[in-house]
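Take a look at the letters that make up each chain.
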Amino acid sequence: MSNSEPSKKPIQIWVIVLAALIIVVGLWLANYFLIANDPKRGTLGDMYGVVNSLFSGLAFAGIIITIYLQRDELKLQRQELKDTREEFHIQNATLRSQRFENTFFNMLSLHHDIVNNTDWVIEEIQAEARTSGFLVTGRQRKIVRNTIKGRDVFELHYSELKNQLRDFEDQTYISDNYGKEYEKYKNDFDHYFRNLYRIIKLVDTTQFTDDPNSKKEFQEKYKYTSIVRSQLSTFELLWLFYNCLSRNGIHSFKPLVEKYTLFKNLRFEELASGKHINLYERSAFEKVHNENFKV
């Protein structure tokens, strides 16, 4: 319906009403003057019953017109309420998205802070010659401390982890040996893996669309998990790979890794054994996630 139609309808209705009134009044005046001097006007007066019936009919028509106008008004009110609900729904969706993104990017910023604040001190003993003039009179031992920081810590520790897991293919043995190695560095890595898991879990549990099972819903979640994945270095991914095979993450983090393809950029040649890939679903590495969606 165009915008001009609602304004035209009342005009048309009132034109019809006015025309009807003119006709009724005209008929009444005509009847009055025709029978005013007629000796049989008493009998003819009964003809006014026709006019009364006509007025009753017009009154009934007026009621119908009123109902018709009210129906149009109610229709406009319903449309306004519908538009208001849609606008309210859009505003809610926008606010929900803003709240999520604030939390998401704050947690991602915290992730970087945790990585940057991770350090490991390496102590080396160096022998230094003592001299007197041109003569060497002895040697003294000196302890030199080097501090490794940030992502270099993951690379440093992974070389040891890789050696420990090289000869194992069974998931249980990998979990046990990973746990022993992890104990050495858990003060550094506990906070890291907990926060990383909470970021992915936040995305997974957030509803972005009206249909939680829709293709668009998964695309939104995949978009945010891809942002997280792009922040992870090679050796962070390798540590995550084996962390999710241990008791630390096999029941909680591993399903999310497989759902959102977090190992898409994993360097397979750096694994302790290429056969360890078989301990994950293909979706952890490949682009196909379900029958309806391809990245």
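**Structural notes on the pattern of salt bridges**
Phase 1 of the analysis: Using the criterion set out here, one finds 13 salt bridges in the structure.
Phase 2 of the analysis: Between Lys254 and Glu258 there is a salt bridge whose closest N-O contact spans 2.7 Å. Separated by four residues within a single helix, Lys254 and Glu258 lie in helix H8 (residues 253-260), roughly one turn from each other. Each member of the pair, Lys254 together with Glu258, is buried.
Phase 3 of the analysis: A salt bridge links Glu269 to Arg267; the shortest N-O distance between them is 3.3 Å.
Phase 4 of the analysis: Using a relative accessible area of 37% as the deciding quantity, one classes Arg267 as partly exposed.
Phase 5 of the analysis: A network of salt bridges, in which partner residues are shared, links Lys162, Arg267, Glu269 and Glu270.

**Quick notes on the nonpolar core**
Phase 1 of the analysis: Counting residues in each nonpolar core, the largest one holds 50 residues, and the members touching the most others are Phe104, Trp239, Phe241, Tyr242, Phe253, Phe263 and Tyr280.
Phase 2 of the analysis: Of all elements in the fold, only helix H3 (48-117), helix H4 (151-165), helix H5 (171-205), helix H6 (215-230), helix H7 (234-243) and H8 reach the threshold of two or more residues within this core.
Phase 3 of the analysis: Looking at this core element by element, the count peaks at 13 residues for H5.
Phase 4 of the analysis: Not counting the four nearest positions on each side in its chain, Tyr242 is found in contact with Tyr158, Leu161, Leu165, Ile174, Tyr178, Leu271, Ala272, Ser273 and His276.

**Some points on the environment of Asn163**
Phase 1 of the analysis: Summarising the element assignment, Asn163 is placed in helix H4.
Phase 2 of the analysis: Residues Asn163 and Ala272, 109 residues apart in the sequence, show an inter-C-alpha distance of 7.0 Å.
Phase 3 of the analysis: Among the polar contacts listed, one links the side chain of Asn163 to the backbone oxygen of Ser159, at a separation of 3.1 Å.

**Considering H4**
Phase 1 of the analysis: Along its 15 residues, H4 runs 21 Å from first to last C-alpha, staying within 8% of the 21 Å computed at 1.5 Å per residue.
Phase 2 of the analysis: Three or more residues of H4 are buried, namely Val153, Phe154, His157, Tyr158, Leu161, Lys162 and Leu165.

**Things to note about the packing of H4 against H7**
Phase 1 of the analysis: At their nearest, the axes of H4 and H7 sit 9 Å apart, and the two run at 45 degrees to each other. Taken together, H4 and H7 sit at an angle that is classed as oblique. Taken as a pair, H4 and H7 cross one another with a handedness that is left-handed. On the side of H4, the interface is formed by Arg151, Phe154, Glu155, His157, Tyr158, Leu161 and Leu165, while H7 contributes Phe235, Glu236, Leu238, Trp239 and Tyr242.
Phase 2 of the analysis: Considered class by class, the residues forming the contact of H4 with H7 number eight nonpolar, one polar and three charged.

**Brief notes about a negative patch on the surface**
Phase 1 of the analysis: There is a patch of like negative charges on the surface, built from Glu80, Asp83, Glu86 and Glu87.
Phase 2 of the analysis: Following the sequence through the fold, Asp83 ends up in helix H3.
Phase 3 of the analysis: In this structure Asp83 comes out as partly exposed when scored by relative accessible area, which is 37%.

**With respect to the side chain of Asn243**
Phase 1 of the analysis: For Asn243, the location among the structural elements is in helix H7.
Phase 2 of the analysis: Apart from residues no more than four positions distant in its own chain, Asn243 is found in contact with Tyr178, Tyr182, Phe193, Asn248 and Gly249.

**Re the packing of aromatic side chains**
Phase 1 of the analysis: Within the structure shown, the criterion is met by 30 aromatic pairs.
Phase 2 of the analysis: Centroid distance Tyr185 to Trp239: 6.2 Å. Interplanar angle 90 degrees. Geometry classified as edge-to-face. With Tyr185 in helix H5 and Trp239 in helix H7, the pair connects residues that are 54 residues apart, well separated along the chain.
Phase 3 of the analysis: Here Tyr192 and Phe193 contribute two aromatic rings whose centre-to-centre distance is 5.1 Å and whose plane-to-plane angle is 85 degrees, an arrangement assigned as edge-to-face. Both residues of the pair, Tyr192 and Phe193, count as buried.

**Describing the side chain of Glu236**
Phase 1 of the analysis: Topologically, Glu236 is positioned in helix H7.
Phase 2 of the analysis: The class of Glu236 is buried, set by a relative accessible area of 1%.
Phase 3 of the analysis: Among the polar contacts made by the side chain of Glu236, one reaches the side chain of Ser233 at a distance of 3.0 Å.

Parameters and conventions
Residues numbered from 1 in each chain as written. Predicted model: local features only at pLDDT ≥ 70, side-chain atom pairs only at ≥ 80, totals over all residues. Heavy atoms only, no water. Salt bridge = Lys/Arg side-chain N within 4 Å of Asp/Glu carboxyl O. Helix = DSSP H or I, 4+ residues; strand = E, 2+ residues; numbered from the N terminus. Buried < 20%, exposed > 50% of the residue type's maximum accessible area, 1.4 Å probe, protein only. Core = buried A, V, L, I, M, F, W, Y, C linked by side-chain atoms within 4.5 Å. Contact = heavy atoms within 4.5 Å. Polar contact = N/O pair within 3.5 Å; in protein donor to acceptor, adjacent residues only side chain to side chain. Expected span 1.5 Å × (residues − 1). Axes fitted to C-alpha atoms, helices over the stretch in contact; angles between N-to-C directions. Parallel < 35°, antiparallel > 145°, perpendicular 65-115°, else oblique. Left-handed = near helix turned anticlockwise from the far one by under 90°. Nonpolar A, V, L, I, M, F, W, Y, C, P; charged D, E, K, R; others polar. Patch = residues over 30% accessible without salt bridge, like charges linked within 9 Å, V, L, I, M, F, W, Y side chains within 5 Å. Areas by Shrake-Rupley, 256 points an atom, 1.4 Å probe, with all protein chains shown as cover. Lys, Arg positive; Asp, Glu negative; His and termini not counted. Charge placed at Lys NZ, Arg CZ, Asp CG, Glu CD. Phe/Tyr/Trp six-rings, centres within 6.5 Å; stacked < 30°, edge-to-face > 60°.

The values are spatial; any link to function lies outside them.
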